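# Fold and contact review
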Amino acid sequence: MSRADRAVLGAYGAAVCAAAYGSMKLAQALGANALADKDPLPPELRERLLARDPLFVASHWVLAGAAVVGVVVALAAVRPWGAAVPRRLLLAVAWGLGIYMIARAVGVLGFGFVGDGLLLAGVRPPPVEHAALARDLARWDLLLWSPFFLVWGMCWTATGRGLAARAPARG
């Protein structure tokens, strides 16, 4: 598979992941549970999330909107109409999101494969009062969220690589 093909596949993959994530956040904003109880948050924040605290509801609307923007940006990287968007902006977004999502999946940001593995292996002890919940959320993060963010991040970086390799348009 050529680099251009990987970039196109990455861009469409990033768009699909953004649409899936945005759909989940939209459902949560509208009142559905939609995996909200599997979000790896500290217990006090988790309670606020599940109680539909207005701050969390607003954040779901913002994240759903950001996901729509993500779909548009991902498609702009490979569709002809995307030539109107500054290439450097597309590059910055693709690389920035890709690196952020891969770092989140790996565990640089606290959870992810490393953090979840350490918690489940007993190397990093969970909070005593919420040990069972912490282990349950670590399993969900290890099996669902971290792989999802890793794939999504890899799609964004493939998009960024394809944009970087493509010659800039001459005006």
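What this report covers is the structure whose coordinates are included nearby. Here the structure is a predicted model, which means the values were calculated and not measured. (Residues numbered from 1 in each chain as written. Predicted model: local features only at pLDDT ≥ 70, side-chain atom pairs only at ≥ 80, totals over all residues. Heavy atoms only, no water.)

## Some words on a nonpolar patch on the surface
Nonpolar side chains collect at one region of the surface, where Val106, Val108, Val114, Leu118 and Val123 lie side by side and expose about 420 Å² of accessible area between them. With respect to the element layout, Val114 can be found in helix α5 (residues 113-121). (Patch = residues over 30% accessible without salt bridge, like charges linked within 9 Å, V, L, I, M, F, W, Y side chains within 5 Å. Areas by Shrake-Rupley, 256 points an atom, 1.4 Å probe, with all protein chains shown as cover. Salt bridge = Lys/Arg side-chain N within 4 Å of Asp/Glu carboxyl O. Helix = DSSP H or I, 4+ residues; strand = E, 2+ residues; numbered from the N terminus.)

## Thoughts on helix α4 (residues 87-106)
The end-to-end C-alpha separation of α4 is 28 Å, in line with the 28 Å expected for 20 residues at 1.5 Å each. Looking only at α4, the buried set comprises Leu90, Leu91, Ala94, Gly98, Met101, Ala103, Arg104 and Ala105. Buried positions along α4 lie against α3 (54-76), α5 and α6 (131-165). (Expected span 1.5 Å × (residues − 1). Buried < 20%, exposed > 50% of the residue type's maximum accessible area, 1.4 Å probe, protein only. Contact = heavy atoms within 4.5 Å.)

## So, the nonpolar core
Residues Ala14, Tyr21, Phe148, Phe149, Trp152 and Trp156 are the most contacted members of the largest nonpolar core, which totals 22 residues. Elements supplying a minimum of two residues to this core: α1 (3-29), α3, α4 and α6. Not counting the four nearest positions on each side in its chain, Trp152 is found in contact with Ala14, Cys17, Ala18, Tyr21 and Met101. (Core = buried A, V, L, I, M, F, W, Y, C linked by side-chain atoms within 4.5 Å.)

## Describing the packing of aromatic side chains
Counted under the stated rule, the structure contains six aromatic pairs. Both rings, one in Tyr21 and one in Phe149, keep their centres 5.9 Å apart while their planes meet at 70°; by these two values the pair is edge-to-face. Of the two residues, Tyr21 is situated in helix α1 and Phe149 in helix α6; the sequence distance between them amounts to 128 residues. Centre to centre, the rings of Phe148 and Phe149 are 5.7 Å apart; their planes meet at 80°, and the pair counts as edge-to-face. Here Phe148 matches Phe149 in class, with each residue buried. One aromatic cluster in this structure is built from Tyr21, Phe148, Phe149 and Trp152. (Phe/Tyr/Trp six-rings, centres within 6.5 Å; stacked < 30°, edge-to-face > 60°.)

## Here's the deal with the layout of surface pockets
The volume enclosed by the largest pocket comes to roughly 600 Å³. Tyr21, Lys25, Leu63, Tyr100 and Phe149 are, among the 28 residues lining the largest pocket, the residues nearest its centre. Secondary-structure elements contributing two or more residues to the lining of the largest pocket are α1, α3, α4 and α6. When residues in the lining of the largest pocket are grouped by element, the largest group, seven residues, is from α3. Here the second largest pocket is characterised by a volume of approximately 330 Å³. Contributing to the lining of the second largest pocket are 17 residues, with Pro40, Leu41, Leu119, Arg124 and Ala134 lying nearest its centre. At the level of elements, α5 and α6 are the ones that each hand at least two residues to the lining of the second largest pocket. For the lining of the second largest pocket, the element with the highest residue contribution is α6, accounting for four residues. Taken together, the residues of the lining of the second largest pocket sort by class into 12 nonpolar, three polar and two charged. (1 Å grid on protein atoms, 1.4 Å probe; cavity = no way out; pocket = protein on both sides within 12 Å on 5 of 7 lines; lining within 4 Å. Points joined across faces, edges and corners; volume = space filled by probe spheres on them. Nonpolar A, V, L, I, M, F, W, Y, C, P; charged D, E, K, R; others polar.)

## Some details on the environment of Ala34
In this structure, Ala34 sits in the loop between α1 and α2 (43-50). Since its relative accessible area comes to 28%, Ala34 is described here as partly exposed. Sequence separation between Ala34 and Met24 is 10 residues, and the spatial gap between their C-alpha atoms is 6.0 Å. Residue contacts for Ala34: discarding those within four places in its chain leaves Met24, Ala27 and Gln28.

Shape is all these values report; function is a separate question.
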